[in-house]
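# Summary of structural features
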Amino acid sequence: MRLPTSFALSPWIVRRLLPRRVRVRLTLLYGVLFVASGVVLLAITNLLVARTPANLVLVKNRGGEPVLAPGADGRLYLGYPESNSSVQLNDITQQLRDQALRQHEIEMDHLLVQSGIALAIMAVIAIVLGWVVAGRVLRPLRTMTGTIQRISARNMHERLAVVGPADELKDLADTVDGLLGRLETALDSHKRFVANAAHELRTPLTLEHALLEESLIDRDATRESFRSNFERLLDISKQQARLLESLLTLSSSERGLDHREPLDLAEITEEVVEASRPETRRRGLRIETAIGPAAASGDSALVQRLVANLVDNAMGYNTPGGHVEITTRTHAGRAVVAVANTGPEVPPEQVERLFEPFQRLGRTAGDGHHGLGLSIVRAIAVAHDAVIGAHARPGGGLVVEVSFPPRTDPLQRATRIEQLDDGTAIR
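Note that the structure is predicted; figures quoted are calculated from it, not measured.

With that out of the way, let us pick up unusual backbone geometry. At Ala-332, a residue that is not glycine, the phi angle is positive and equals roughly 55°. Turning to its location among the elements, Ala-332 is positioned in the loop between strand S7 (323-331) and strand S8 (334-341). The exposed category is assigned to Ala-332, whose relative accessible area is 69%. The phi torsion at Asp-385 lies on the positive side, around 60°, for a residue other than glycine.

So this is what it looks like as C-alpha cells:
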C-alpha cells in the first residue's frame, strides 16, 4: 500500500520545521518537559482532590432549631432538637449533601482554571529560564567554536585551554587540543619533508645547470670533455630518478595496502641477497645469511622493497671489509627479518631519527643517499601492521628487525611498540 505524497514528505517537512540552532532546540525541550510535567502534576492533584469526599456529621442537639457549627476536629456539625422527626432530618440531610456536591464541583472547576493559568504563567517563565540556561550551557561551546575558527596553518600552536571542572565539555576541549597538537606535528613534518625534498632536488638541478653551462661556455671543449660531462649528467639523472621513485614508494606505502597475499620472507630475502651480491663484492663486503621459514601476508612487491632497502642501507653505511648479517625466522608465531651491519658508530639517541625522511648521520654530497631508505622501511612496515625494532651495535653499525604479524591471525593495525635489548623501537 502506497502512502500519499503528503505522508511521504512528512519527515522532510518535520526536519525543515525544526529549528537549526541548538539553543532554540534546548529551550523548546526545556519548555515542553516543564509543561508536560506540570500537566501530569495538575492532573494528579485534581484527581486526588476530586476523590476526596466532603465530610458531614449529623448529631442531635438539645436546642429547638437546627444548628450548623464547626467542630473541634474541623468537621461541620448539624444539631437538631430531639422532637424533630426522622423525615425532616432526612430531607435536610439530602439537601445539604446536594449542596455540598455542587459546591465541590464549583471548587474543582475553579481549581482547574486557576491551575491552568498558573501553568501558563510558569510555562512562559520556564521558557525564559530555559533560554538563559541553554545560553549558559552552550557558552563554552561558542567560545571553543570561535577559537577553532581562528586557528589556521599560521597559528596552529594555539589551543582551547579550557579550565574548569572535569566534565564532558572539558573532555571535549582536551580532545580537540590533542587533535590540534597532532595536526601541528603532522604539518611541521610535512613542511620539513617538502623543504628537504626541495633541497635534495635542487642540488642535482644546480649541478646539471653548471655542467651544461660549462659545456656551452668552453669554446675549447673536446669530445672527451663533452663525454665526461654527459656521463656526469647521466649519473645525476639516475640519482634524481631514484629519488623520485623513493618518494613515490614512500607515498604509496603510507596510503596503506590495496591487497594482501601469502608470502614467505625467506624466499624474498634470498632473491634480494642474490641480486645484491655483485654490489657486495664491488664494495668488498661479506654477507652472512641465516634464512629460515617466515610465513607472512601482505604486498610482496613492497615487502621486497623493504628487505632491499634494509640490505642497501647496511651496505651503503658500512666500512671496507665489513660484513652484513641477514636473518629470517619465525618467533612467537610472527615472521621476522633482521639485518645487521658493521659500520660507523651510531649514537643511541640518533637511532629513531634515522627513520625520518631525509635524515642520515652524515650528509655527503653526491654519495647517492637521500635519507629515505629507512623511512620507506617504516612506512611499509606500518602498512603491514609490522613492528620495527632498531638499536646501535656496540662496535659500530646498526641492527634493524622487522616483525610481521602471523599469517593466520586477523590483520589488525599494530598499536604497540616492541623494544629490542638496549635499543629503540620504532612503529
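Having seen the model, we can carry on.
The subject of this paragraph is the environment of Val-133. Residue placement: Val-133 occurs in helix H4 (residues 86-150). Of the residues examined, Val-133 reaches a relative accessible area of 41% and is grouped as partly exposed. Sequence-wise, Val-133 and Leu-26 are 107 residues apart; in three dimensions their C-alpha atoms are separated by 9.0 Å.

So, on to the pairing of S7. Side-chain positions along a regular strand alternate between the two faces of the sheet. Sheet topology note: the strand S5 (residues 286-291)/S7 ladder contains six bridges and is parallel. Each residue of the ladder has a partner; that of Ala-290, found in S7, is Thr-327. Sheet topology note: the S7/S8 ladder contains eight bridges and is antiparallel. When the sheet's bridge partners are listed, Val-324 is paired in S8 with Asn-341. The turn joining S7 and S8, which pair antiparallel and follow one another in sequence, is formed by two residues; a positive phi near 55° is taken by Ala-332.

It is worth spelling out the confidence of the model for the chain at this point. On average, residues of the chain score 77 in pLDDT, and 75% of them reach the 70 mark or higher. The least confident element of the chain is strand S11 (residues 424-426), whose mean pLDDT is 44; the most confident is strand S10 (residues 398-404), at 95. Taken together, the stretch residues 1-9 has pLDDT below 50 and engages in zero contacts with residues farther than four places along the chain or on a different chain. Low confidence marks residues 409-427, where pLDDT is under 50. Its contacts with residues over four positions away, or in another chain, come to 44 contacts.

Side chains of Val-113, Ile-117, Ile-121, Met-122, Ile-125 and Leu-129 sit close together on the surface and give an oily, nonpolar patch of about 530 Å² of accessible area. Tracing the chain through its elements places Ile-121 in helix H4. You can call Ile-121 partly exposed: its relative accessible area is 49%.

Evaluation of the coordinates by the stated rule reveals one cavity of 30 Å³ or more. By volume, the largest cavity amounts to about 60 Å³. If you go around the largest cavity, the residues you meet are Leu-310, Asn-313, Ala-314, Val-339, Asn-341, Leu-374, Leu-398, Val-399 and Val-400. Elements represented by at least two residues in the lining of the largest cavity include exactly helix H8 (300-316), S8 and S10. Per-class residue counts for the lining of the largest cavity are seven nonpolar, two polar and no charged.

The subject of this paragraph is the side chain of Glu-208. Considering the arrangement of structural elements, one finds Glu-208 in helix H5 (residues 168-217). Although Glu-208 lies buried, it forms no salt bridge, and the closest oppositely charged side chain, Arg-232, sits 11 Å away as judged by the N-O distance. Excluding residues that lie within four positions of it along the chain, Glu-208 makes contacts with Leu-233, Ile-236, Ser-237 and Gln-240.

Our focus in this paragraph is the packing of H8 against helix H9 (residues 373-383). Where H8 meets H9, the axes come as close as 9 Å, and the angle between the chain directions of the two elements is 150°. The orientation of H8 relative to H9 falls into the category roughly antiparallel. Remark: the crossing between H8 and H9 carries left-handed chirality. In contact with Leu-302, Val-303, Arg-305, Leu-306, Asn-309, Leu-310 and Asn-313 of H8, H9 contributes Gly-373, Leu-374, Ile-376, Val-377, Ile-380 and Ala-381. Its residues assigned to classes, the contact of H8 with H9 shows nine nonpolar, three polar and one charged.

Quick look at the nonpolar core now. The biggest cluster of nonpolar side chains holds 42 residues, and the ones touching the most others in it are Leu-265, Leu-306, Leu-310, Val-402 and Phe-404. Among the elements that make up this core, the one with the highest residue count is H8 (nine residues). If we ignore the near neighbours within four places in the chain, the residues touching Phe-404 are Leu-265, Ala-296, Val-303, Leu-306, Arg-334, Ala-335, Val-337, His-384 and Ala-386. Core analysis: the next-biggest nonpolar cluster, separate from the first, contains seven residues, Met-144, Ile-151, Met-156 and Val-176 among them.

How each quantity is defined
- Residues numbered from 1 in each chain as written.
- Predicted model: local features only at pLDDT ≥ 70, side-chain atom pairs only at ≥ 80, totals over all residues.
- Heavy atoms only, no water.
- Helix = DSSP H or I, 4+ residues; strand = E, 2+ residues; numbered from the N terminus.
- Buried < 20%, exposed > 50% of the residue type's maximum accessible area, 1.4 Å probe, protein only.
- Pairing = 2+ DSSP bridges.
- pLDDT = per-residue confidence, 0-100.
- Contact = heavy atoms within 4.5 Å.
- Patch = residues over 30% accessible without salt bridge, like charges linked within 9 Å, V, L, I, M, F, W, Y side chains within 5 Å.
- Areas by Shrake-Rupley, 256 points an atom, 1.4 Å probe, with all protein chains shown as cover.
- Salt bridge = Lys/Arg side-chain N within 4 Å of Asp/Glu carboxyl O.
- 1 Å grid on protein atoms, 1.4 Å probe; cavity = no way out; pocket = protein on both sides within 12 Å on 5 of 7 lines; lining within 4 Å.
- Points joined across faces, edges and corners; volume = space filled by probe spheres on them.
- Nonpolar A, V, L, I, M, F, W, Y, C, P; charged D, E, K, R; others polar.
- Lys, Arg positive; Asp, Glu negative; His and termini not counted.
- Axes fitted to C-alpha atoms, helices over the stretch in contact; angles between N-to-C directions.
- Parallel < 35°, antiparallel > 145°, perpendicular 65-115°, else oblique.
- Left-handed = near helix turned anticlockwise from the far one by under 90°.
- Core = buried A, V, L, I, M, F, W, Y, C linked by side-chain atoms within 4.5 Å.

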